[in-house]
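Next come the chains, spelled out residue by residue.
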Amino acid sequence: MKVLALTRYGRLGASSRLRFYQYLPGLERGGIAVTVAALSSDEYVARLYAGRRPGVASIGWDYLRRAGRLASLRRYDLLWIEKELFPGMPALVERVLSSVGLPYVVDYDDATFHRYDRSSNPLLRYVWPRKIDAVMRGAALVVAGNQYLAERAGAAGARRVEVLPTVVDPARYALRARLAGQPFTVGWMGTPVTQRYLAPLAATLARLVAEGARVRLVGADRVPEGLPSGSVELRHWAEESEADDILAFDVGIMPLDDTEWERGKCGYKLLQYMAAGRPVVASPVGVNTEIVEPGVTGLLAGPPEEWHSALTRLRDDPALRARMGEAGRRRVEAAYSLELAEPRLRALLRSASTITRRR
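Rules of the game
- Residues numbered from 1 in each chain as written.
- Predicted model: local features only at pLDDT ≥ 70, side-chain atom pairs only at ≥ 80, totals over all residues.
- Heavy atoms only, no water.
- Helix = DSSP H or I, 4+ residues; strand = E, 2+ residues; numbered from the N terminus.
- Rg over C-alpha atoms; globule rule 2.2 N^0.38 Å.
- Buried < 20%, exposed > 50% of the residue type's maximum accessible area, 1.4 Å probe, protein only.
- Contact = heavy atoms within 4.5 Å.
- Areas by Shrake-Rupley, 256 points an atom, 1.4 Å probe, with all protein chains shown as cover.
- Lys, Arg positive; Asp, Glu negative; His and termini not counted.
- Charge placed at Lys NZ, Arg CZ, Asp CG, Glu CD.
- Pairing = 2+ DSSP bridges.
- Axes fitted to C-alpha atoms, helices over the stretch in contact; angles between N-to-C directions.
- Parallel < 35°, antiparallel > 145°, perpendicular 65-115°, else oblique.
- Nonpolar A, V, L, I, M, F, W, Y, C, P; charged D, E, K, R; others polar.
- Polar contact = N/O pair within 3.5 Å; in protein donor to acceptor, adjacent residues only side chain to side chain.
- Patch = residues over 30% accessible without salt bridge, like charges linked within 9 Å, V, L, I, M, F, W, Y side chains within 5 Å.
- Salt bridge = Lys/Arg side-chain N within 4 Å of Asp/Glu carboxyl O.
- Core = buried A, V, L, I, M, F, W, Y, C linked by side-chain atoms within 4.5 Å.

Engineer: Which residues make up the overall build of the protein chain, and what values do they have?
Structural biologist: Counting its regular elements, the protein chain contains 17 helices and twelve strands. Here the C-alpha atoms of the protein chain give a radius of gyration of 21 Å, agreeing with the 21 Å that 2.2 N^0.38 yields for 359 residues. Across the 359 residues in the protein chain, those meeting the buried criterion constitute 55%. Residue pairs at least 24 apart in sequence account for 70% of intrachain contacts in the protein chain once pairs closer than 6 positions are excluded. Entry remark: accessible area of the protein chain is about 15600 Å², with carbon and sulfur atoms responsible for 53%. Charged side chains of the protein chain number 51 positive and 40 negative; the gap between the two group centres comes to 6 Å.

Engineer: Would you mind going over the sheet that holds strand β8 (residues 214-218) in detail, with residue names and values included?
Structural biologist: Pairing is parallel across the open sheet formed by six strands, whose spatial order is β9-β8-β7-β10-β11-β12. Only two strands of the sheet have a single neighbouring strand rather than two, namely β9 (232-235) and β12 (298-300). The sheet shows a mean angle of 20° between the axes of neighbouring strands, taken without regard to direction. Note: strand β7 (residues 185-189) against β8, five bridges, orientation parallel. Paired with Val186 across the bridge in β8 is Val215.

Engineer: Lay out the packing of helix α15 (residues 304-315) against helix α16 (residues 318-335) with the relevant residues and their values.
Structural biologist: Following both chains from N to C, one finds α15 and α16 inclined at 100°, their axes separated by 6 Å at the closest point. As judged from the angle between their axes, α15 and α16 are roughly perpendicular. Across the interface between the two elements, Arg313, Leu314 and Arg315 of α15 pack against Pro318, Leu320, Arg321 and Met324 of α16. Taken together, the residues that form the contact of α15 with α16 break down as four nonpolar, no polar and three charged.

Engineer: Lay out helix α13 (residues 268-275) in plain terms, naming residues and giving numbers.
Structural biologist: One turn of an α-helix holds 3.6 residues; hence residues three or four places apart share an orientation. Of all eight residues in α13, eight are buried, a share of seventy percent or more. Taken residue by residue, α13 has Tyr268, Lys269, Leu270, Leu271, Gln272, Tyr273, Met274 and Ala275 as its buried positions. Just downstream of α13, Gly277 is the residue with a positive phi angle, here 75°.

Engineer: Summarise the environment of Tyr197; cite the residues concerned and give the values.
Structural biologist: Mapped onto the fold, Tyr197 is located in the loop between β7 and α10 (202-210). Given a relative accessible area of 4%, Tyr197 falls into the buried group. Taking the C-alpha atoms as reference points, Tyr197 and Tyr104, 93 residues apart in sequence, are found 34 Å from one another. Every residue in contact with Tyr197, bar those within four places of it in the chain, is listed here: Pro255, Leu256, Asp257, Trp261, Glu262 and Lys265. Only 2.8 Å separates the side chain of Tyr197 from the side chain of Arg196, close enough to count as a polar contact.

Engineer: Which residues make up unusual backbone geometry, and what values do they have?
Structural biologist: Its identity is not glycine, yet Lys83 carries a phi of approximately 70°, on the positive side. For Lys83, the position within the fold is in the loop between β3 (78-82) and α5 (92-99). On the basis of relative accessibility, which here comes to 10%, the residue Lys83 falls in the buried class.

Engineer: Kindly report on a nonpolar patch on the surface, identifying the contributing residues and their values.
Structural biologist: A cluster of nonpolar side chains, Leu123, Tyr126 and Val127, forms an exposed patch at the surface whose accessible area comes to about 330 Å². Residue Tyr126 is classed as exposed on the basis of its relative accessible area, which comes to 60%.

Engineer: Give me the lowdown on the nonpolar core, citing residues and values where you can.
Structural biologist: Most often, soluble globular proteins have nonpolar side chains that are buried together. Core analysis: the biggest nonpolar cluster contains 89 residues, and Met136, Ile253, Val281 and Leu311 have the highest contact counts within it. Examining the composition of this core, we find that six residues originate from one element, α13, more than from any other. Apart from residues lying up to four places away in sequence, Met136 is in contact with Tyr108, Phe113, Val142, Leu149, Arg152, Ala153, Ala156 and Ala158.

Engineer: So what's going on with the sheet that holds strand β6 (residues 161-163)? Residues and values would help.
Structural biologist: Judged by pairing direction, the sheet is parallel, and its six strands sit side by side in the order β2-β1-β3-β4-β5-β6 without closing on themselves. The strands lining the two open edges of the sheet, one partner per strand, are β2 (33-36) and β6. Each neighbouring strand pair of the sheet contributes to a mean axis angle of 20°, computed without reference to strand direction. Two elements, strand β4 (residues 104-108) and strand β5 (residues 141-144), share four bridges in a ladder whose sense is parallel. The residue of β5 that forms the bridge with Val106 is Val142. Contacting β4, β5 and β6, helix α9 (residues 147-156) runs over the sheet at an angle of about 175° to β6.

This is the structure we're talking about:
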């Protein structure tokens, strides 16, 4: 079976890396030959993370390159699309694919539809508010990272919807206890784009720092305002070092705003922390409430005082941290591991191709 994977980014883009690239070796072993064609390069992602918007010409070349790639579609049994083919444009190509019987699977790990129906751009909000609904309806299969996304696909009229959580490979996360005598360390991993979620916690983290804690931020490009810079360690994110960076945490955190966009997120950083045997504290938003078992694998916290209470409870009880870390690792292995998800994805891709050909 030959599949063309039309991803949004290269490996530097987290969504593409986790929903596509990490599956490629297993799919190949299972007899599915995947050719990957990213819309945007790693250089594009690096510019975004650095706060530099790519030029119009660069984006235009990306779109032209993708359009050229579509000329070879007949060589493949199935298209595997990340979110949409041409962001910010109508779903014309997806409609054509559906009308001529070229099957495609479309994958979502966030609420891409809200970039249209909740956009600040009037063109997107009023002219194409249901663009992603059309993409979903034309797909042989919609693969959704959580139930919120799956419900939207169902409401859009998608012919088949399957929930496949974003997963981790636990083998990448060696279990290693923290060395005694080191400061209690609160850790966060993300990007310069998502570090905005730390702002409401700045005062809470500063309070913990004043009480002797340390904060490590992996992937952030600045210290949140209100935190003393000398007590915060900023670490550059790299795929090769992310597991070791998490092992330097005593607890991993995932604060989120409670909006429709955040309800579409898939909680990947929580799974990373848990895979490394670290307890977690998270906002009770969206899929976080499914991943975290309060009192077992971690704690949920809403207002700042709840965050302080949760973090001090873990700070003061090393045995509780150890128990929660062990339980979190077991939960990842049982429900969110690449080993479990890869055969299921392989079966979904095969069935989507077969069902569509019969149609």
